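Each chain, written out:
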Amino acid sequence: MSKKLIDAMADLDEDLVISEVKTLVSQGVPALDIIAALQEGMSTVGKRFEEKEYFLSELIMSAEIFNEASQLLGGVGGEGATSKYGTFVMGTIYDDIHDIGKNIVTTVMSSNGFHVVDLGVDVPTAKYIEAIKQYQPKVIGISCLLTTAFDNIKECIQSIEKAGLRKDLKILIGGGPVDEATCKYVGADHVCKNAQETVEYSKKYMGV
Ligand code: B12
């Protein structure tokens, strides 16, 4: 993984991030490896924010740099197949507006042949339920970057269950602070740390 890119992202050095991404792309480094380096840099941005070295303006800037860099990557990590497999419904849980990771996962799922329904950010439970009824997906994803929104995921999953829609449905969760303990707490089926894991799990579960 490019340490230069990780550090440039962490230091919010926009010019260096862009030139390093261009160099890595020209060297044939896979888009998902480049994203992993950018993601690691973003973790450092998060740590610096926690330690009050960075403030909200730096978080906003980090998102802009990340989005600019990922535009250089084109269709990430797939062969551009369209809807060979089943439907994957995805959204960021209500009260949370982080969408960079969600967008990477939806792009990678889509370019790996899944039909993706992206519900956006700050998604209320009713919208997940409506989408499950409408599209009857076998797998749905809930993204969450805020520990304060874990209870919202839990409520959402319980409501999906109460509506009788959990049978034959796998619920994946993901996002920076989400781990196995969160998965257990909110009652999800599985946690994925990145987009590739999401593709692999979904393929396996959908019998692809
Ligand atoms: C960029 C950023 C922002 C941007 C977001 C812009 C955007 N359009 O998304 C802005 C500036 C808006 C923002 C706002 C806030 N943020 Co913020 N933010 C970040 C930061 C630095 C990076 C997040 C990111 O994009 N990472 C890169 C992506 C690629 O990684 P990822 O999201 O983890 O996604 C990958 C995997 O997790 C996985 N994945 C993700 N989702 C899913 C879903 C499924 C189903 C699956 C299978 C996989 C999967 O695949 C992705 C690709 O590999 C994080 C720090 C961090 N460590 O994450 C803080 C962080 C998440 N933010 C934080 C905070 C506190 C806030 C604010 C409350 C700040 C404030 N005071 O206002 C607000 C909240 C706004 C809200 N209501 O949502 C805290 C949360 C702390 C906590 N304990 O909950 C963090 C952790 C920073 C910190 N260390 O303090 N933020």
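Given the structure is predicted, the values throughout are model-derived calculations rather than measurements. (Residues numbered from 1 in each chain as written. Predicted model: local features only at pLDDT ≥ 70, side-chain atom pairs only at ≥ 80, totals over all residues. Heavy atoms only, no water.)

Draft legend 1. Geometry of the coordination of the cobalt atom of the ligand. Of all protein atoms, just one serves as a donor to the cobalt atom of the ligand, and that atom is His98 (NE2), at 2.3 Å. Tracing the backbone through its elements, the reader meets His98 in the loop between β1 (87-92) and α5 (100-111). (Donors = N, O, S within 2.8 Å, 3.2 Å for Na, K, Ca; no water. Helix = DSSP H or I, 4+ residues; strand = E, 2+ residues; numbered from the N terminus.)

Draft legend 2. Examining the site of the ligand more closely. What surrounds the ligand is a group of 39 residues, the closest being Gln39, Glu50, Ile97, His98 and Asp99. Among the detected pockets, the ligand sits in the largest pocket. Those elements that place two or more of their residues in the shell around the ligand are α3 (31-50), α4 (56-71), α5, β3 (139-143), β4 (170-174) and α9 (195-205). The leading source of residues in the shell around the ligand is α3, at seven residues. Residue composition of the shell around the ligand, by class: 20 nonpolar, 14 polar and five charged. (Near = heavy atom within 4 Å. 1 Å grid on protein atoms, 1.4 Å probe; cavity = no way out; pocket = protein on both sides within 12 Å on 5 of 7 lines; lining within 4 Å. Sits in = over half its atoms within 2 Å of the grid points. Nonpolar A, V, L, I, M, F, W, Y, C, P; charged D, E, K, R; others polar.)

Draft legend 3. Representation of the pattern of salt bridges. Considering all chains together, one arrives at seven salt bridges under this definition. Here Lys3 makes a salt bridge to Asp7, at a shortest N to O gap of 2.6 Å. Of this pair, Lys3 and Asp7 are both found in helix α1 (residues 3-10), four residues apart, which corresponds to roughly one turn of the helix. The class for Lys3 is exposed, based on a relative accessible area of 56%. (Salt bridge = Lys/Arg side-chain N within 4 Å of Asp/Glu carboxyl O. Buried < 20%, exposed > 50% of the residue type's maximum accessible area, 1.4 Å probe, protein only.)

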